[in-house]
Amino acid sequence: MVTLCWRPSVKGDGSGRGGDTNGRFNGLMWYKDLGAHVNGEFSMAVIQANNLMEDRSQLESGPLSSLKSGPHGTFIGVYDGHGGPETSRFINKTLFSNLKKFASEHQEISADAIRKAFLTTEEEFLSLIKRQWNEKPQIASVGSCCLAGIICNGLLYIANVGDSRAVLGRVDKATKSITAIQLSTEHNASIESVRDELRSLHPQDSRIVVLKHNVWRVKGLIQVSRSIGDAYLKKSEFNQAPLLARFRLPEPFSKPILSAEPSISVHRLSSKDQFVIFASDGLWDHLSNQEAVDIVHNHPRNGIARRLIEAALHVAAKKREMRYSDLKKIDRGVRRHFHDDITVVIVFVDPYSMNRSSSRGSILSIRGGTPSSPES
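Anyway, here's the lowdown on the structure attached to this text. Fair warning: this is a prediction, and the values are worked out from it, not measured in the lab.

Here the structure, examined in full by the defined rule, presents 15 salt bridges. For Asp326, the salt bridge is made with Lys329, and the minimal N-O distance between the two is 3.7 Å. Taking the relative accessible area as the measure of exposure, Asp326 reaches 24% and is therefore partly exposed. Sharing partners across several salt bridges, the network here consists of Arg323, Asp326 and Lys329.

Below you can see the structure in the form of structure tokens.
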């Protein structure tokens, strides 16, 4: 009875180094090997590659609204920043509180409440950019992918903008085999359907997607078609000097080029559903859905998020014809030439805890730590 065994209130921002209540650091790796949420257990890990860590993540378990009678469950967020850490950091501080606000108004978790939380977070960040534009114009070129999962009342909600990914591990009890089921929809110009969507939304723009160095990019600048932030491709007022010339388009645009509209799916959890892997695209650059699910299924839960990242790094090293032990010696910044920042949150689901009333007393808040900064 997992939910009865852990302390009733554990809160932290992921920056504590004196134990693993909030996670531990080992070089460029931060990890929380095993913890409990109201519906089971979880494992988290983050590896830094950039000079400044651009990934952020969190797990919140307990009340999902500000109402005493409101829904309880678990919220998971993975935020893969690009151009800097400002947007992912902002989402990490803002999205969950916005979700709780709309869940309180709706008196439930719903796709509509989640959508409003995403779009409000976007509006608030664009307002921040407007306030800082004169002093810090480059913040208009900073953005983040945003993947969120909410487990509540036996349902799993997945919301996503960008190319992070949520993958379910479902077991066949007769054969004991595990199947990977991707639950998230990705918005990356490398996907043909995404290019088709962009062309249909911008029929007058023959260069809405451009193939540069064998990589498809929106306006030749960015791979993702949906994000939080990236104001320079959403509002023409931010696509001008003093923004750096490389981000400025030759002509003003009348409608947003990128969108913050999340793709949302709802999945009813069954006894066959064992766990969900939430990860930034840095993991999926090196492991397939099935490879990742097999690793989680075939190893102990304790430290499994770390193991998954290490498996990806072994592949990254092999691609460059080097040993993993040598890759580990490369410092952040230079490390980005070999792999991206990688965030992994694995959430195990205990079907027997789904409707257990005793879980209402359990509260947890943890944020994925960053080796280079105490900020989460």
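As enumerated under the stated definition, the model contains 5 aromatic pairs in all. Here the aromatic rings of Phe75 and Phe96 are separated by 5.0 Å at their centres, their planes lie at 40°, and the arrangement is tilted. Here Phe96 lies in helix H1 (residues 86-106) and Phe75 lies in strand S6 (residues 72-82), a separation of 21 residues in the sequence. Judged by its relative accessible area of 2%, Phe75 falls in the buried class. Exposure remark for Phe96: the relative accessible area of 11% places this residue in the buried category. Measuring from centroid to centroid gives 5.3 Å for Tyr232 and Phe247, while their planes differ by 75°, and the two rings are edge-to-face.

Looking at the secondary structure, you find Ala292 in helix H5 (residues 289-297). The residues touching Ala292, leaving out its near neighbours within four places in the chain, are Ile277, Trp284 and Leu308.

Looking now at the packing of H5 against helix H6 (residues 304-319). In the contact formed by H5 and H6, the axes pass within 10 Å of each other and the chain directions differ by 140°. With respect to H6, the axis of H5 lies oblique. Relative to H6, H5 is oriented so that their crossing is right-handed. Together, Ala292, Ile295 and Val296 of H5 and Ile304, Arg307, Leu308 and Ala311 of H6 make up the contact between the two elements. Of the residues contributing to the contact of H5 with H6, the split by class is 6 nonpolar, no polar and 1 charged.

Calculation rules
- Residues numbered from 1 in each chain as written.
- Predicted model: local features only at pLDDT ≥ 70, side-chain atom pairs only at ≥ 80, totals over all residues.
- Heavy atoms only, no water.
- Salt bridge = Lys/Arg side-chain N within 4 Å of Asp/Glu carboxyl O.
- Buried < 20%, exposed > 50% of the residue type's maximum accessible area, 1.4 Å probe, protein only.
- Phe/Tyr/Trp six-rings, centres within 6.5 Å; stacked < 30°, edge-to-face > 60°.
- Helix = DSSP H or I, 4+ residues; strand = E, 2+ residues; numbered from the N terminus.
- Contact = heavy atoms within 4.5 Å.
- Axes fitted to C-alpha atoms, helices over the stretch in contact; angles between N-to-C directions.
- Parallel < 35°, antiparallel > 145°, perpendicular 65-115°, else oblique.
- Left-handed = near helix turned anticlockwise from the far one by under 90°.
- Nonpolar A, V, L, I, M, F, W, Y, C, P; charged D, E, K, R; others polar.

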